[in-house]
Amino acid sequence: MAGPLSSSLKSGGKDLVKELNRRLAPAVGKYSDFIAERAEGTYVWTTDGQKHLDMACGIGVASTGHCHPKVVKAIQDQTQQFIIAQQNIFTASPAMVGLLDRLGRIVPKGLDTHIFANSGSEVVENAIKMARAHTKKTNIICFDGAFHGRTMGAMALTSSKTFYKTGFAPLMPGAFIAPFPYCLHCKVRQTASDGKDWYKMSPSIPPFDEYEARRCCRGPHDAFKWMLKMQTAPEDTAAIIIEPILGEGGFVAPPPDFLSTLRKHCDEHNIVMIIDEVQSGVARTGKWWAHQHFKGVVPDIMLFAKGIASGFPFAGIAAKPEMYQGLPTGSLGGTYGGSIIGCAAANATIDAIEEDGMLDNARERGVQLIQGLLELSKKYPIIDIRGRGLMVAVEFGEQRSVDGSYTAKAGCAAAVTKAAQKRNMILLTAGARECVRFLPPLNVKAAEIDEALEKLEGSLQEVFKSDSKTG
């Protein structure tokens, strides 16, 4: 029987939102006052009858678009047969066997042993346990700007924004934060006479440029090397964990040989390399896994979640078999891990990506989006456009003439997302700097990218009307 809240969904307005905010934990951030009702493809409808263009997709979760028919049917069919095939009771299920077959096609060679869980944070926690048990060492090196989750271990490895950790100390010991190359704000590049050629506004990817053309001061490379001498000795360091492209940190991609250099350090010192593909994986960047854009990198442990099941809670680890050595039976697991419905949704997601040509579409629509953003950069204070495929971010600011550094109007990125809301577009910020990010479905249409660019231009005009480059 419907209660008073449900009865007022259609007519409640601000009073209903106020009551919902009272009843729901305020520690969970809210992007808007919208109450979502249904969704299809790239669009979401709210209870007030409005239709919204979704450039966030549940923070990259609805990879195949909202309610993809293949995914919906797979979930419906599975729920009619079996809902909880608990992983500690049964070896597997037909859906899980099918997922193992599909992962065998798409994960990097050698990473053929898996554990399945519910969320990105959970697989991060499991990866920490695996690395420590395997190496018999304790310390974990993470990187500036990373987001690995909100649970206690994952939170200790997160530094994209301070509020994820504020007030929760003491955190997990043994976490050490190394610099991640943020070449746009590199002081060496900004003061070099040819620094503008080191790093350009558009991503160093075809058709815009070759990746190898990007140059680096190598400061972060040296900082990592000295970290092993000054902060955490190799004999104490179990693992490094890194996002191949920063997620919550602003979609920052490293220079060409950064990840391969880390791989060499790991090989030299018996350090486990964990690559966190939670936001960047599952075809998001136009390859199955973002680290495949970078030469000479194969992780020991790879983490995935978000887009793997098109919105159904599901996550997993792909690892070399030896990474599980040292773990007692029963030390990994969880009641809902390896969910039979999640496996069915993941199977349908992988099938849809392959059969519907979404890898190609992610690359093509990504180029279209970047080209449109480059046009907007001629009118508005955009200082960087970065990412791969349909994982694209824009950073706002102005360059100081004195030292070549950048400054941005505080809060302008959030203001752009609010202006986008008025135009019925869902758009999120990213990182501590003034950035917005685009995470549309992998099957987004060209006309929908054009629509997003049109709505973005209106939003930029509203926020930066007195700062536009055209006056």
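Residues numbered from 1 in each chain as written. Predicted model: local features only at pLDDT ≥ 70, side-chain atom pairs only at ≥ 80, totals over all residues. Heavy atoms only, no water.

Caption draft 1: Examining the sheet that holds strand 6 (residues 175-178) more closely. The strand order 4-10-9-8-7-5-6 describes an open sheet built from seven strands, whose pairing is mixed. Two strands bound the open sheet, and with one partner strand each, they are strand 4 (113-117) and strand 6. With direction set aside, neighbouring strand axes in the sheet form an average angle of 20°. Pairing of strand 7 (residues 237-242) with strand 8 (residues 272-276) involves four bridges; the strand directions are parallel. Note that in strand 8 the partner of Ile240 across the bridge is Met273. Where helix 5 (residues 94-106) meets the sheet, it contacts strand 4 and strand 9 (301-304), and its direction lies at approximately 125° from that of strand 4. (Pairing = 2+ DSSP bridges. Helix = DSSP H or I, 4+ residues; strand = E, 2+ residues; numbered from the N terminus. Axes fitted to C-alpha atoms, helices over the stretch in contact; angles between N-to-C directions. Contact = heavy atoms within 4.5 Å.)

Caption draft 2: Region of the structure containing the side chain of Thr135. Along the chain, the position of Thr135 falls in helix 6 (residues 120-135). Only 2.7 Å separates the side chain of Thr135 from the backbone oxygen of Ala131, close enough to count as a polar contact. A polar contact is formed between the side chain of Thr135 and the backbone nitrogen of Lys137, at a distance of 3.1 Å. If near-sequence neighbours (up to four positions away) are discounted, Thr135 is found in contact with Ala238, Asn270 and Val272. (Polar contact = N/O pair within 3.5 Å; in protein donor to acceptor, adjacent residues only side chain to side chain.)

Caption draft 3: Focus on the pattern of salt bridges. The full count for this structure, using the stated rule, is 23 salt bridges. Here Lys320 makes a salt bridge to Asp300, at a shortest N to O gap of 2.8 Å. Of this pair, Lys320 sits in the loop between strand 10 (315-319) and helix 12 (340-355) while Asp300 sits in the loop between strand 8 and strand 9; the two residues are 20 residues apart in sequence, bridging distant segments of the chain. Classification of Lys320 as partly exposed rests on a relative accessible area of 23%. Salt bridges sharing common partners tie together Arg263, Asp267, Asp300 and Lys320. (Salt bridge = Lys/Arg side-chain N within 4 Å of Asp/Glu carboxyl O. Buried < 20%, exposed > 50% of the residue type's maximum accessible area, 1.4 Å probe, protein only.)

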